[in-house]
Amino acid sequence: MDRKKFLKNLGFGVVAAPIMTTSLISCSNNEDDIVKNPDANKCGVTKTDMLGPYYVSGTSRITNLNTQNLPGDKIIVSGKLYGGADKSKPLANAMIEVWHADGGGVYHPVGDGNVNDYTADKITLRGFVNTDAQGNYMFESIRPGLYPGRPRHFHYKVTANGYKTLVTQIYFKGDPRTADEGIENCRIIDFQKDSAGTYKGNAEIHLESN
Ligand SMILES: [Fe+2]
């Protein structure tokens, strides 16, 4: 195993106590605020990435992944899912599972398996959304923190009838660690902070047919 793969596979047994906050989360999602990836037209089928050690199956359908109000920078991720390399086939009713670290770089849980392996209070910053009739998806959460050896990232597992299940990760523009792993621009998203302090970005995904 090379060094990068080793670092990607590293598990960190840090246990973070959930910190409850009372902040209200508003949910605006103005398309005009979202910067589209200028490379989106030439990206082709989205590249795969490692599942990593913290995928938990059986999570809930949810729009706000931050179910325990963990502290952090609010973030809204939107995008569109297509079948194939071009934009001729938006995919409706697909499932996009998302999981990511909290602001301190810790997953909840620090583990894998199925949700039934854990008590509900151990599960957060995970869930899935479905694409709408036009292939659009959106979720909100807090900006993932850093853990050693990796760029800042969200994990995706995308499932749609007639297409290969895609396991991938999306990254943050301006994070120099993406160059360390040779991440191509198509999965590096230009998240921009709006006037309310919310990061917003658009991640377009293209699935490969079966
Ligand atoms: Fe990760």
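Residues numbered from 1 in each chain as written. Predicted model: local features only at pLDDT ≥ 70, side-chain atom pairs only at ≥ 80, totals over all residues. Heavy atoms only, no water.

S.K.: Describe the overall build of the protein chain, naming the residues involved and giving the relevant values.
M.R.: Per the secondary structure count, the protein chain includes two helices and twelve strands. Along the protein chain, helices and strands appear, N-terminal first, in the series α-β-β-β-β-β-β-β-β-α-β-β-β-β. Buried residues in the protein chain amount to 46% of all 210 residues. Looking at the protein chain alone, contacts between residues at least 24 apart form 76% of all its contacts between residues at least 6 apart. For the protein chain, the accessible surface area stands at approximately 10300 Å², while carbon and sulfur atoms represent 51% of it. (Helix = DSSP H or I, 4+ residues; strand = E, 2+ residues; numbered from the N terminus. Buried < 20%, exposed > 50% of the residue type's maximum accessible area, 1.4 Å probe, protein only. Contact = heavy atoms within 4.5 Å. Areas by Shrake-Rupley, 256 points an atom, 1.4 Å probe, with all protein chains shown as cover.)

S.K.: Got a sec to walk through the coordination of the iron ion? Specific residues and values, please.
M.R.: Taken together, Tyr-107 (OH), Tyr-147 (OH), His-153 (NE2) and His-155 (NE2) make up the protein donors of the iron ion, found 1.9 to 2.1 Å from the metal. Coordination at the iron ion is irregular: its four donor atoms span angles of 93 to 156° at the metal. Between consecutive donor residues of the iron ion, the sequence gaps follow Y-x39-Y-x5-H-x1-H. His-153 sits in the buried class, given a relative accessible area of 2%. (Donors = N, O, S within 2.8 Å, 3.2 Å for Na, K, Ca; no water. Tetrahedral: all angles 85-135°; square planar, octahedral: opposite > 155°, others 65-115°.)

S.K.: I'd like a description of the nonpolar core, backed by residues and values.
M.R.: Val-77, Tyr-137, Phe-139, Phe-154, Tyr-156, Phe-191 and Leu-207 are the most contacted members of the largest nonpolar core, which has 25 residues in total. Elements represented by at least two residues in this core include exactly β2 (74-83), β3 (95-99), β6 (136-142), β7 (153-159), β8 (166-172) and β12 (205-207). Core analysis: the second largest hydrophobic core is formed by six residues, Tyr-54, Trp-99, Tyr-107 and Tyr-147 among them. (Core = buried A, V, L, I, M, F, W, Y, C linked by side-chain atoms within 4.5 Å.)

S.K.: Tell me about the pairing of β3, residues and numbers included.
M.R.: Here β3 lies mainly inside the structure; four of its five residues are buried. Note that β3 and strand β5 (residues 126-130) share five bridges and pair antiparallel. Following the sheet pairing, Ile-96 is matched in β5 by Val-129. One ladder, built from five bridges, connects β3 with β7; its direction is antiparallel. Note that in β7 the partner of Trp-99 across the bridge is His-155. (Pairing = 2+ DSSP bridges.)

Any link to function would need more than the numbers given here.
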